[in-house]
Amino acid sequence: MAKTGTTTTQDLRSAIERSGYYPALVSEAVEAAVGPEPITSYLVHQETTFDANEVRRHVTVLVLTPSRFVVSHTDEQAADATSPVPYATTSTEVVRLDRIGSVVLSRMVANPETYTPGTLPREVVLTIGWGAVQRLDLEPAGCSDPNCEADHGYTGSATADDLSLRVSEAGDGPETVAQALVFARALSEATIANRG
């Protein structure tokens, strides 16, 4: 769920409870990271994946406050060599808004030739970069001479890719796609406002 405007911790807690994914654990972790700051927007996204014979769930909670962006991930794991019983792992990261370098929103629409403004995309991918994770893609460099045997070194690109969240109408429903758009807009506006 996403919400923008005057929001309380209870609104966020209710959205987490509606996701049905270890709500007490997720709420406690998120609320501890948010602290006393008011919440201006949030997005709760649950994802189910299939790994061999197991179904695994993952929930991502994104929270925007006047000065910070909070991201929380919770994953469940089956019993393994480190634990004889199933367990869940929750992590939170708090990022100052002035550290966010990019908010990228990719939209996929059907039948673009008949697109009407305001129509929900079928899918959105929200990518947020703040410099914690850099991806480096390298490949051998070359030249235009097909007979050249010289070593031209490597060429590539570095990309900030700290968080990428995919929401689709088919998998998550149109309401969640709309909510992702609302959160992305609120985050984009907040990063501009915090640049001074």
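Computed from a predicted structure; not experimentally measured.

1. Quick word on the overall build of the chain
A tally of helices and strands in the chain yields 4 helices and 10 strands. Looking at the 196 residues of the chain, the share that counts as buried comes to 33%. At a minimum sequence separation of 6, the contacts of the chain that also span at least 24 residues come to 62%. Put simply, the chain shows about 11,300 Å² of open surface, and 51% of that area lies on carbon and sulfur atoms. Positive and negative side-chain charges in the chain, numbering 14 and 26 respectively, have mean positions lying 9 Å apart.

2. Comments concerning the sheet that holds strand β6 (residues 102-108)
The antiparallel open sheet is built from 3 strands, whose spatial order is β6-β7-β10. Strands at the two margins of the open sheet, each flanked by one partner only, are β6 and β10 (163-168). Averaged over all pairs of adjacent strands, the angle between strand axes in this sheet comes to 10 degrees, irrespective of strand direction. Contacts between helix α4 (residues 174-193) and the sheet are confined to β6, β7 (123-129) and β10, with β6 contributing the most and set at about 150 degrees to the helix.

3. Comments concerning unusual backbone geometry
Its identity is not glycine, yet Tyr22 carries a phi of approximately 40 degrees, on the positive side. If you trace the backbone, Tyr22 turns up in the loop between α1 (9-19) and α2 (23-34). Judged by its relative accessible area of 34%, Tyr22 falls in the partly exposed class. Of note in this structure, Asn111 is not a glycine but carries a positive phi near 45 degrees.

Cut-offs applied
- Residues numbered from 1 in each chain as written.
- Predicted model: local features only at pLDDT ≥ 70, side-chain atom pairs only at ≥ 80, totals over all residues.
- Heavy atoms only, no water.
- Helix = DSSP H or I, 4+ residues; strand = E, 2+ residues; numbered from the N terminus.
- Buried < 20%, exposed > 50% of the residue type's maximum accessible area, 1.4 Å probe, protein only.
- Contact = heavy atoms within 4.5 Å.
- Areas by Shrake-Rupley, 256 points an atom, 1.4 Å probe, with all protein chains shown as cover.
- Lys, Arg positive; Asp, Glu negative; His and termini not counted.
- Charge placed at Lys NZ, Arg CZ, Asp CG, Glu CD.
- Pairing = 2+ DSSP bridges.
- Axes fitted to C-alpha atoms, helices over the stretch in contact; angles between N-to-C directions.

These figures come from the coordinates and say nothing about function on their own.
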